[in-house]
Amino acid sequence: PRDWSSDVCSSDLQETALAQKADDDEGWLLLGRAYLAVGRFEDSANAVRKAIALGRTDAGTQTELVEALINAAGGLVTPPAQQAIDAAIAADAANPAARYYDGIAKAQSGKVREAFEVWLKLAAETPADAPYLPYIRRQLEDAARTLKVNLAEVMPQPLPPQNPINGDRKSTRLNSSHVALSRM
């Protein structure tokens, strides 16, 4: 098993350094990621909120807040998480993580058909080598079971693999495999 103590010490040191330079939005974002990695979800959300307050309002930062908030709530999309999802979509309606979490929110609020459609479209627009494609497929499988839909009949083929050397590959973080429809 991994020894997380060095990560915890690192995040504590990073927080101490940020106390000296509280206007470092990148530093707060990195601290939020460090806290997320060690399971300090509330601390992660607070650090990411500071980055957002300092002007980091892009979709990627908003979805990092979403991930921290959903983790802090045991997998549930809370009203603050929904607000962050909405802000991420407003910042970039094509952001894969924002769309994925929008589907999670819809499914948890009982709108499984809408969630299914969000994820189907996202799957169709996702390169085959995207690291987050398995998360989308997992949600589609759960939704298809709930809806009694034959996923094999409607599942789109992903886009061809994208070579990051030749294309502009959007960075996205979908690490919440524990977030599932079963938490509705």
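For the structure, check the block above.
Caption draft 1: Representation of unusual backbone geometry. Even without glycine at this site, K148 takes up a positive phi of about 55°. Position of K148 relative to the elements: it lies in the loop between α8 (133-147) and α9 (151-154). Residue classification places K148 among the exposed residues on the basis of a relative accessible area of 76%.

Caption draft 2: A look at helix α4 (residues 59-72). Between its terminal C-alpha atoms α4 stretches 20 Å, which fits the 20 Å expected from 14 residues at 1.5 Å a residue. Among all positions in α4, only A59, T61, Q62, T63, E64, L65, V66, E67, A68, L69, I70 and N71 are buried. The inward-facing, buried residues of α4 contact α2 (25-37), α3 (41-53), α5 (79-91) and α6 (96-108). By the N-cap criterion, in which a side-chain oxygen at the helix start approaches the backbone nitrogen of a residue two or three places on, α4 is capped by D58, the distance to G60 being 3.1 Å.

Caption draft 3: Seen up close, the environment of P161. Mapped onto the elements, P161 comes out in the segment after α9. Leaving out residues up to four positions away in the same chain, P161 has contacts with A128 and D129.

Caption draft 4: Representation of the packing of α3 against α4 in the model. Remark: α3 packs on α4, axes separated minimally by 8 Å, with the N-to-C direction vectors making an angle of 155°. Taken together, α3 and α4 sit at an angle that is classed as roughly antiparallel. Handedness of the crossing formed by α3 with α4: left-handed. Taken together, the residues of α4 that come into contact with α3 (itself represented by F41, E42, S44, A45, V48, R49 and I52) are T61, Q62, E64, L65, A68, L69, N71 and A72. Tallied by class, the residues present in the contact of α3 with α4 amount to 8 nonpolar, 4 polar and 3 charged.

Caption draft 5: Seen up close, the packing of aromatic side chains. Considering all chains together, one arrives at 2 aromatic pairs under this definition. Look at Y100 and Y101: their rings are 5.2 Å apart centre to centre, the planes differ by 75°, and that puts the pair in the edge-to-face class. This pair shows no difference in class: Y100 is buried, exactly as Y101 is. The interplanar angle of 45° and the centroid separation of 6.4 Å between the aromatic rings of Y100 and W119 together place this pair among those described as tilted. In this pair, Y100 sits in helix α6 while W119 sits in helix α7 (residues 112-124), placing the two residues 19 residues apart along the sequence. For W119, a relative accessible area of 0% puts it in the buried group. Taken together, the ring pairs connect Y100, Y101 and W119 into an aromatic cluster.

Caption draft 6: Region of the structure containing the environment of R113. Examined against the element boundaries, R113 turns out to sit in helix α7. What makes R113 partly exposed here is its relative accessible area of 42%. Remark: the alpha-carbon pair of R113 and G103, spanning 10 residues in sequence, is separated by 9.6 Å. Not counting residues within four places of it along the chain, the set of residues in contact with R113 comprises L147 and V149.

What counts, and at which threshold
- Residues numbered from 1 in each chain as written.
- Predicted model: local features only at pLDDT ≥ 70, side-chain atom pairs only at ≥ 80, totals over all residues.
- Heavy atoms only, no water.
- Helix = DSSP H or I, 4+ residues; strand = E, 2+ residues; numbered from the N terminus.
- Buried < 20%, exposed > 50% of the residue type's maximum accessible area, 1.4 Å probe, protein only.
- Expected span 1.5 Å × (residues − 1).
- Contact = heavy atoms within 4.5 Å.
- Polar contact = N/O pair within 3.5 Å; in protein donor to acceptor, adjacent residues only side chain to side chain.
- Axes fitted to C-alpha atoms, helices over the stretch in contact; angles between N-to-C directions.
- Parallel < 35°, antiparallel > 145°, perpendicular 65-115°, else oblique.
- Left-handed = near helix turned anticlockwise from the far one by under 90°.
- Nonpolar A, V, L, I, M, F, W, Y, C, P; charged D, E, K, R; others polar.
- Phe/Tyr/Trp six-rings, centres within 6.5 Å; stacked < 30°, edge-to-face > 60°.

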